[in-house]
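Residue-level structural notes
Listed below are the residues making up each chain.
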Amino acid sequence: MPKRKDIKKIMIIGSGPIIISQACEFDYSGTQACKALREEGYKVVLVNSNPATIMTDPQFADSTYIEPVTPEVVEKIIAKERPDALLPTLGGQTGLNVAIAVAKKGVLKKYGVEMIGADRRTIEKAEDRDLFKKAMQKIGLDLPCSINVRSMNEAKKAVATLGLPIVIRPSFTLGGTGGGIAFNMQEFEDLVSRGLEYSMIHEVLLEESVLGWKEFELEVMRDRRDNVVIICSIENFDPMGVHTGDSITVAPAQTLTDAEYQNMRDAAIKAIREIGVDTGGCNVQFAINPKDGRMVMIEINPRVSRSSALASKATGFPIAKIAAKLAVGYTLDEIPNDITKETPASFEPAIDYCVIKIPRFTFEKFPGADPTLGTSMKSVGEAMAIGRTFKEALQKGLRSLEIKRFGLDPIIGEIDFDTSEHLMEHLVKKLRSPNDARIFYIGDAIRLGVSLDQIHQWTSIDKWFLQNIKEIVDFEAVLKKAAAVSGGLKERLPKKLMQEAKEMGFSDKQLSIFFGASEDSICELRKAHGVETTYKLVDTCAAEFEARTPYYYSTYESEDESRPSDNKKVMILGGGPNRIGQGIEFDYCCVHASFALKELGFETIMVNCNPETVSTDYDTSDKLYFEPMTKEDVLNIIDKEKPWGVIVQLGGQTPLNLTLALKKAGVNIIGTSPESIDAAEDREKFKALLDKLKLRQPPNGTARTFEDAKSVASRIGYPVLVRPSYVLGGRAMEIVYDEDTLERFILEASRVSGEHPILIDKFLEDAIEVDVDMIADGETFVIGGILEHIEEAGIHSGDSAMVLPPYSLSEEIINKIREATAAMARELKVVGLMNVQYAVRDNKVYVLEVNPRASRTVPFVSKAIGVPLAKLAAKVMAGQKLKDLGFTKERVPEYSSVKESVFPFNRFPGVDIMLGPEMKSTGEVMGIDDDFGRAYMKSQLAAGQILPTKGNVFVSVRDKDKRSIVFIVKRLIDMGFGVIATEGTARALKKSGIGKLETVHKVYEDRPNILDFLTDGKISLIINTPSGRIPREDEIKIRSTAIMRCVPCITTISGAQASVNAIEVLLKKDLDVKPLQAYHNTK
Amino acid sequence: MKKAILLLEDGFMLEGNGFGADGEALGEVVFNTSMTGYQEILTDPSYRGQIVAMTYPLIGNYGVNKEDVESARPWADGFIVKECSRVYSNWRGTDSLEDYLEKNKIVAIEGLDTRALTRRLRQQGAMRGIISTKDMDKESLLKKVLGYPVMAGRDLIKEVACKEPYDWPGSAGKKEFSVVCFDYGVKFNSLRLLDIAGCRVKVVPAVTSAKEVLGYKPDGVFLSNGPGDPAVLTYAIKEIRELLGKVPIFGICLGHQLLGHALGGKTYKLKFGHHGGNHPVMDLETKKVEITSQNHGFCVDMDSFTDKDVILTHVNLYDKTTEGLRHKKLPFFCVQYHPEAGPGPHDSGYLFGRFMDMMRKFKRR
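Residues numbered from 1 in each chain as written. Chains lettered and ligands numbered in written order. Predicted model: local features only at pLDDT ≥ 70, side-chain atom pairs only at ≥ 80, totals over all residues. Heavy atoms only, no water.

**Comments concerning the overall build of chain B**
- Scanning chain B from N- to C-terminus turns up ten helices and 19 strands.
- Computed over its C-alpha atoms, the radius of gyration of chain B comes to 20 Å, within 12% of the 21 Å expected for a compact globule of 365 residues.
- Oriented by its inertia axes, the alpha-carbon framework of chain B measures out at about 65 × 45 × 40 Å.
- A total of 365 residues make up chain B; the buried ones form 67% of that total.
- Pairs at least 24 apart in sequence give 75% of the contacts found in chain B among residues at least 6 apart. (Helix = DSSP H or I, 4+ residues; strand = E, 2+ residues; numbered from the N terminus. Rg over C-alpha atoms; globule rule 2.2 N^0.38 Å. Buried < 20%, exposed > 50% of the residue type's maximum accessible area, 1.4 Å probe, protein only. Contact = heavy atoms within 4.5 Å.)

Below, the structure written as structure tokens:
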């Protein structure tokens, strides 16, 4: 059927900020959909609050609203744009929830907007556990026995029938937030009350436990003629009980016979028909009892998802793109398969390799967080690896994670055990309860001789997987044995052994450890032996047809299918798996570089291993290599493709860390030279540079030992900021106030820093921090944006709210900053992007840090000023001049743009939400409006901080803040808020003439205390600045209770000021919406 | 591990490790893109005379079991995989693939670049080849390969079909129809599905005459799948021609090709055939697309029919080849692909229902 002509304008809802369980996979999907719809001639209206996305680039939609993704805002946009249709299935759970909310409000009916893809009835059938259950029972599909409850009493009755362990699933939440498995009544009650709280409709499903069952997923697509195809089957390595986002997953399914697979396929097709997903993609999850094969349906997501992004990358079938085309009326057979060009999309991909996805965790960022995995997702990113065998893919996947492991390395050796009993105890614990390192413990258990049966009993992981791990470990033993023989490296590691090792996915680095040789010498020997990397295509059809799209992975076999051309090529190194500190912002830059260089006529080659991203869309670059971002894997591709230039400065720290190795291998690194990058990172060289330019830096020094550090600190005076060099996201960065604490942090920092020295700076308390992004071509130096941090110095720039243009700095200071930035860029001969962080105190400007590379703020700045900085940077790196590109003057917009960070604290109950120099946010949102107050208010709304307009404010601040809080409190009272304070703060406020307030007990003083107030919903806003460097336990309790209860909690005075401004604005006038294109055109 | 060699008639050679039986296996080398279902594939009589290479690299993961067989024994002459699993993991599994092949004396090879092999076959077409765990001499192996008959012109159905008629031991309950199945190498799943659809099935040898068949007074005749070149099966074609119009007929795969010949049409050899479980086929009457199980090396040429009443009903959306036929006047229909699945998707099972409808209508006539 041809596309629909009765609709012209389609609205797409994005998923908002990157949070755990909703990451850049929705940018990938949304971008594909926007492209697909515009290709078909439809007008696209997009709303998404996340500025770091490709989809919110103004050229991807006709009207791009960077506004909060809330029902109220979406209603305003609908009223203004009057779209014909709303496509709700591309913005994750957020998009779906908001779409349902506007439908329920009658907004769609009022404005005559049709929901396409999935309608309200369908979404509710899939999302509402009760309706879902009825639907599945109607078509005879088996489900775990379950009961819906809306109160604790009902819950207790239900558990009496279902028994323990039992699964608790709140209805209508994100990524299983608040869900869990209870093994005893205490846990049960805790989880039920939390779940009722989290559920948007105050409802929890209690379910028969299928813990330990095998878990599978099918990605299904359906068109309006009821043609249904399965794009990919996925089997979870971690059995039921671990959220699939936190599971290692494998595609295709490995342990199902055809009969069982087809049975599952039939069930999925029946289900999608019954649920009524008319067109588009759908994810269906199943569990199978390994003992008797009983198959139960777990859930259906009637939308594109993390798994559909993975399935797209795993098969080469672009689910989101096709879903968009189906939504406007095409049928599968009318859409060509992009990869083969000649066959249609109405088929099921056949794959001839094994794909493994491994989640990336960052528990190290959240001391106190429980690393046990359960039904609530905790990972922040993932790596995908492709190999011809499970073993090869697993080892490639593990080294892709960038967690200092180069394959299935041992983990136990890193911990000291006094007795072997203790060791076993630890091991059993780590195997029994799922955790982020379990895969390594399995390897160790096999090394220690534990039988597979035993490991299976502890983990419930399928023996087929365990056997494959054993084969890796067994081969490791063969290698170690060979290594122990005397003789030269070549004799000990002959060609055949090397070939087999590479086929099993062992990295040069692993071999170098086994054989006590350098990684380089292993690499040389590999080449001398003629053991060559071969590249194979991801082609959707297992080589049955010729593939036109060059999407490669490496393996070690006989035939190499890569087709290096003689074109002038630029290779762009991506950022690897998302983690806190390095995420979508860098992928955004890589994607722009690819687009820009294509425009200039280069052949572009992307290398990355993150399946969630736009960069790993086969459509983004001329060639895609889906490979780990290690020296070995990257150099192998360079050997094959011989690119003219390689870009390392856009993908974050991951590619940057490869700079020296690439340089040594003679690779042409384009843009700012590696020497300059080094000069900015190297403390001594950098100091000399600043001295030369007469720029000020906080007093500082470097240290390699505690003794060094002590003398540096006493020279410059406490407090000091301690951090490792060459890391991103403030990893192991701390403000230290005395010598005792210094010792502890030096230890941690030196572990993270590795061979690089530790940096120690004088910490400038109460300074204002400023971020500057600059673009330069060696001749012209242009400021992209100057961003003033809203929180004071000491909070990581990635966590800080920022505003562009600055709202409190004098023109004189801004000019000083401009001059300093240009001077440094000139001195460092920057070609491309540069980011500088400044601190301003007492009218003095201090340079904190210079990074001659893309920064996290580049996408935000680009959107704020309406200039695609990353694109320009790539062109400049390729030799173009800013003059010719038409960007020679800083643009200072008249409107205000605020970037606010979003934190994952609700995933980690009990962890303090206090901000510090170590970055903790997962994502960001942008608020744009005519003035700062409005823009800030939008940013808060978008970040999920719903600023109240009435109610009680709880105030408890440290002594030093007691003067500055007075004015804030006065304004709040003027606006009609009640104020509740702890005794000390109340006393200070009273002294300043504020009489109208209530005093409340601190947590450990008496009851009722502040926690009781919070629990009772008496508090609608918290202003609580930390009392000292080590947070008091009661403060942690207050802040985490606030997070769980969704009460906004502000921990800085400047944040409080900004929020009061925003509330004032909110009280005066309702918010307005305006597309990015309109902002950019009026500048 | 024992060394093994795979050699194709064009000299393409890959080394690997032998598993299963020792010795030499000759046959036409074809690749199958199904990711599951190796046991069904091995036991499908249509693979007689062929060495099957699985494009999915990890095979044997779930072992073998008693139920998932398409005939009484494996028929493929050789088996090629990237990696055969040393353990099997499935609650129904009874044996490992390795032991199963050894017990059934099937020579197999693993540890070779099966994708390179697939690409070779795609580019050069299906070729004769040999797997050897004994003779490692290329010259001598090549001689053996070239001495092996090419697939075009081969009659293999007599090797795989039953020698005596038998009744398919169907499920309990009253059956609406009685059907005679010509066994050219029938897959059990066709018989199972006929049974489930409500047929009592008598299976007869490929060489049975039309007269004998009509003697059973069937409500319908089922023409099964089978190996080899349809063009040379003149004896079977003749009997089918006899049956046309006298009794409703449903043909699958070879049965479809033979019907084509019986109607005066011709078949030709495809370059590398269709073997897999993911080909889209469109039912031209409903415009619906079904994902089909495929296994054939020959194809009916629509242009070869002079009878204008022969209608193309199904077409392969990959290469637009013929996938199904019917006749405006005569009560029969047939498809090139495998609605019985085993292995493969169940999208086309409706055709068995269509056969029941046709018999019902014919009965009432």
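**Side note on the pairing of strand β30 (residues 831-841) of chain A**
All names here are of chain A.
- Burial runs high along β30: ten of the eleven residues are buried.
- In terms of strand pairing, strand β27 (residues 768-777) meets β30 through ten bridges, oriented antiparallel. Bridging from a neighbouring strand, Met774 pairs with Met834 of β30.
- Pairing geometry for β30 and strand β31 (residues 844-851), over seven bridges, is antiparallel. In the sheet register, Val836 faces β31, and the bridge partner there is Val850.
- The turn linking β30 back onto β31 is made up of two residues, and Asp842 within it adopts a positive phi angle of 50°. (Pairing = 2+ DSSP bridges.)

**Comments concerning the packing of aromatic side chains**
All names here are of chain B.
- One pass over the structure, following the stated rule, counts 32 aromatic pairs over all chains.
- Look at Phe250 and Phe352: their rings are 5.4 Å apart centre to centre, the planes differ by 80°, and that puts the pair in the edge-to-face class. With Phe250 in strand β14 (residues 249-252) and Phe352 in helix α10 (residues 350-364), the pair connects residues that are 102 residues apart, well separated along the chain. Both residues of the pair, Phe250 and Phe352, belong to the buried class. (Phe/Tyr/Trp six-rings, centres within 6.5 Å; stacked < 30°, edge-to-face > 60°.)

**A word on the interface of chain A and chain B**
- With 61 residues of chain A at the interface, the matching set in chain B holds 49 residues.
- Its largest share of buried area at the contact with chain B, chain A owes to Asp258, Arg388 and Glu544 of chain A, together 14% of the area lost on that side.
- Counting every contact that joins chain A to chain B gives twelve salt bridges.
- A salt bridge links Arg119 of chain B to Glu559 of chain A, with the nearest nitrogen and oxygen atoms 2.8 Å apart.
- At the junction of chain A and chain B, the tally comes to 32 residue pairs in polar contact (both at pLDDT 80 or more).
- Going through the elements one at a time, β11 (228-236), α9 (258-275), α12 (390-400), α16 (463-484) and β17 (534-537) of chain A are the ones with two or more residues in the side of chain A that touches chain B.
- If one sorts the elements of the side of chain A that touches chain B by residue count, α9 of chain A sits on top with nine residues. (Buried area = accessible area lost by both parts, 1.4 Å probe. Salt bridge = Lys/Arg side-chain N within 4 Å of Asp/Glu carboxyl O. Polar contact = N/O pair within 3.5 Å; in protein donor to acceptor, adjacent residues only side chain to side chain.)

**Side note on the sheet that holds strand β11 (residues 177-183) of chain B**
- On the basis of which strands lie adjacent, the open sheet formed by ten strands has the order β10-β12-β11-β13-β14-β19-β18-β17-β15-β16 (chain B) and mixed pairing. For this open sheet the edge positions go to β10 (166-167) and β16 (288-301) of chain B, each flanked by a neighbour on one side alone.

**Topic: the nonpolar core**
- Core analysis: the biggest nonpolar cluster contains 234 residues, and Leu662 of chain A together with Phe79 of chain B have the highest contact counts within it.
- Taken domain by domain, this core gets at least three of its residues from each of domain 1 (2-146) and domain 2 (157-363) of chain B.
- Leaving out residues up to four positions away in the same chain, Leu662 of chain A has contacts with Leu573, Val634, Leu635, Ile638, Val646, Val648, Val667 and Ile669 of chain A.
- Grouped together as the second largest cluster of nonpolar side chains are 62 residues, Ile13, Tyr936, Ile973 and Leu997 of chain A included. (Core = buried A, V, L, I, M, F, W, Y, C linked by side-chain atoms within 4.5 Å. Domains from an automatic or database assignment.)

**Topic: the sheet that holds strand β32 (residues 896-902) of chain A**
Residue and element names in this part refer to chain A.
- Strand order in the open sheet formed by seven strands is β31-β30-β27-β28-β29-β32-β33, with antiparallel pairing between adjacent strands. Of all the strands in the sheet, just β31 and β33 (923-929) have a single pairing partner and so form its edges. Each strand of the sheet is rotated relative to its neighbour by a mean of 25°, with strand direction disregarded.
- Two elements, β27 and strand β28 (residues 781-792), share eight bridges in a ladder whose sense is antiparallel. If you follow Ala776 over to β28, its bridge partner there is Phe781. (Axes fitted to C-alpha atoms, helices over the stretch in contact; angles between N-to-C directions.)

**Let's talk about unusual backbone geometry**
All names here are of chain A.
- The omega torsion across Leu164 and Pro165 is -10°, close enough to zero to call that bond cis.
- With respect to the helices and strands, the residue Pro165 is situated in the loop between α7 (152-162) and β7 (166-170).
- Of note, the bond from Leu804 into Pro805 is cis; its omega dihedral lies within 30 degrees of zero at -5°.
- Locating Pro805 in the fold gives a position in the loop between β29 (802-804) and α29 (811-827).
- The phi angle at Lys341 is positive, at roughly 65°, despite the residue not being glycine.
- In this fold, Lys341 is placed in the loop between α11 (319-327) and β15 (354-360).

**Brief notes about the packing of helix α25 (residues 674-681) of chain A against helix α26 (residues 683-693) of chain A**
Residues and elements named next belong to chain A.
- Where α25 meets α26, the axes come as close as 5 Å, and the angle between the chain directions of the two elements is 90°. As judged from the angle between their axes, α25 and α26 are roughly perpendicular. Across from Asp678, Ala679, Ala680 and Glu681 in α25, the residues of α26 making contact are Arg683, Lys685 and Phe686. (Parallel < 35°, antiparallel > 145°, perpendicular 65-115°, else oblique.)

**Concerning the domain arrangement of chain B**
Residues and elements named next belong to chain B.
- Each domain of chain B was delimited in the assignment, giving domain 1 (2-146) and domain 2 (157-363).
- A straight line from the C-alpha centre of domain 1 to that of domain 2 covers 28 Å.
- The interface of domain 1 with domain 2 comprises 28 residues on the first partner and 21 residues on the second.
- Carbon and sulfur atoms supply 52% of the area that domain 1 and domain 2 bury against each other, a total of about 1900 Å² over both sides.
- Glu70 is paired through a salt bridge with Arg192; the nearest N and O atoms lie 3.6 Å apart.
- There are 15 residue pairs in polar contact (both at pLDDT 80 or more) connecting domain 1 and domain 2.
- Here the residues of the side of domain 1 that touches domain 2 sort into ten nonpolar, eleven polar and seven charged. (Nonpolar A, V, L, I, M, F, W, Y, C, P; charged D, E, K, R; others polar.)

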